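Okay, here's what each chain looks like letter by letter:
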Amino acid sequence: FQLCVLSPRYTGMACKNYQPVGFRFHPTDKELIDHYLRLKINGFEEKVSIIPEVDICKWEPSDLPGLSVIETNDNEWYFFCRNDRRYPNGGRVRRATKGGYWKATGNDRRIKFGRKEIGRKKILVFHTGRGSKAKRTGWKIHEYHATDRTVDSTHAAQVMLNVYRS
């Protein structure tokens, strides 16, 4: 939030960033897909400018908190990302960084609004190293995909990320 007040001598406005006590950015799965991701995919970037777009494969997990626009003491950050394919005609997504890789765990979870499926959530865990010597870390991502037909399908690779450290 930005708090603006008139100066005592009416020489103009003084503004500074302000967060009320107890304020937290903590949207639900439905809000992440049906509001933020939908707006981003349909081209309303100015309405979701509080959430930056990053390529998670160009950054190590420990670098991601510094890229967040939302100042928080929580171990949780939000980003938009485009899923890049490993091969031009393939279905596999590139998820490797210089120091490790993001590995999907479990099954995708359906996100519903009423009876209608509006998206899916995939959980990823970061592993350092490669192959059999890779070690699981406490870094995780909830990756949200919009599946509703009312979103612009030309931006289907756009996803919303909730990155956190446990």
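Residues numbered from 1 in each chain as written. Predicted model: local features only at pLDDT ≥ 70, side-chain atom pairs only at ≥ 80, totals over all residues. Heavy atoms only, no water.

Per an unreviewed UniProt entry, the protein chain is named NAC domain-containing protein, and its organism is Escallonia herrerae.

Regarding its fold elements, the protein chain presents 1 helix and 7 strands. For the protein chain, the α and β elements follow one another from N to C terminus as β-β-α-β-β-β-β-β. For the protein chain, the proportion of its 166 residues judged to be buried stands at 34%. Excluding contacts between residues fewer than 6 apart, the proportion of contacts in the protein chain whose partners are at least 24 apart in sequence is 57%. Total accessible area computed for the protein chain in this model is approximately 10,800 Å², and 49% of it derives from carbon and sulfur atoms. (Helix = DSSP H or I, 4+ residues; strand = E, 2+ residues; numbered from the N terminus. Buried < 20%, exposed > 50% of the residue type's maximum accessible area, 1.4 Å probe, protein only. Contact = heavy atoms within 4.5 Å. Areas by Shrake-Rupley, 256 points an atom, 1.4 Å probe, with all protein chains shown as cover.)

What follows concerns empty space enclosed by the protein. The final tally for this structure, using the stated rule, is 2 cavities of 30 Å³ or more. The space that makes up the largest cavity amounts to roughly 70 Å³. The wall of the largest cavity is formed by D55, I56, C57, C81, R82, N83, D84, V93, R94, R95 and E143. A breakdown of the residues in the lining of the largest cavity according to their chemical character gives 4 nonpolar, 1 polar and 6 charged. (1 Å grid on protein atoms, 1.4 Å probe; cavity = no way out; pocket = protein on both sides within 12 Å on 5 of 7 lines; lining within 4 Å. Points joined across faces, edges and corners; volume = space filled by probe spheres on them. Nonpolar A, V, L, I, M, F, W, Y, C, P; charged D, E, K, R; others polar.)

What the rule picks out here adds up to 0 disulfides. Free of any disulfide, C57 has its nearest neighbouring cysteine sulfur in C81, separated by 6.7 Å. With a relative accessible area of 10%, C57 lands in the buried category. We classify C81 as buried; its relative accessible area is 4%. (Disulfide = S-S within 2.5 Å.)

Consider a sheet: its strands pair through backbone hydrogen bonds, and that pairing is either parallel or antiparallel. A sheet is described by the order of its strands in space; here 5 strands give the open sequence β3-β7-β6-β5-β4, paired in antiparallel fashion. Bordering the open sheet on either side are β3 (76-82) and β4 (100-113), each of which pairs with just one other strand. Sheet twist, expressed as the mean angle between neighbouring strand axes with direction ignored, is 25°. Sheet analysis places β3 next to strand β7 (residues 158-165), joined by 7 bridges and oriented antiparallel. Residue R82 lies in a different strand from β7, and its bridge partner there is Q158. Each of β3, β4, β5 (116-128), β6 (135-146) and β7 is contacted by helix α1 (residues 29-41), which is oriented at about 65° to β6, the strand it contacts most. (Pairing = 2+ DSSP bridges. Axes fitted to C-alpha atoms, helices over the stretch in contact; angles between N-to-C directions.)

This part is about the pattern of salt bridges. Counted according to the given criterion, the structure contains 9 salt bridges. The shortest N-O distance in the salt bridge between D34 and R38 comes to 2.7 Å. Of this pair, D34 and R38 both sit in helix α1, separated by 4 residues, roughly a single helical turn. Note on D34: relative accessible area 21%, which makes it partly exposed. A single salt-bridge network, built from bridges that share partners, covers K30, D34 and R38. (Salt bridge = Lys/Arg side-chain N within 4 Å of Asp/Glu carboxyl O.)

Here H142 shows up in strand β6. Using a relative accessible area of 13% as the deciding quantity, one classes H142 as buried. Polar side-chain contacts of H142 include one of 3.1 Å to the side chain of Y164. With residues near it in sequence (within four places) discarded, H142 still touches K121, K122, I123, M160, L161, N162 and Y164. (Polar contact = N/O pair within 3.5 Å; in protein donor to acceptor, adjacent residues only side chain to side chain.)

Inspection of the secondary structure assignment puts K121 in strand β5. Given a relative accessible area of 9%, K121 falls into the buried group. Within the local environment of K121, its side chain forms a polar contact with the side chain of D29, the two groups lying 3.2 Å apart. Not counting the four nearest positions on each side in its chain, K121 is found in contact with D29, N107, D108, R109, I111, H142, E143 and Y144.

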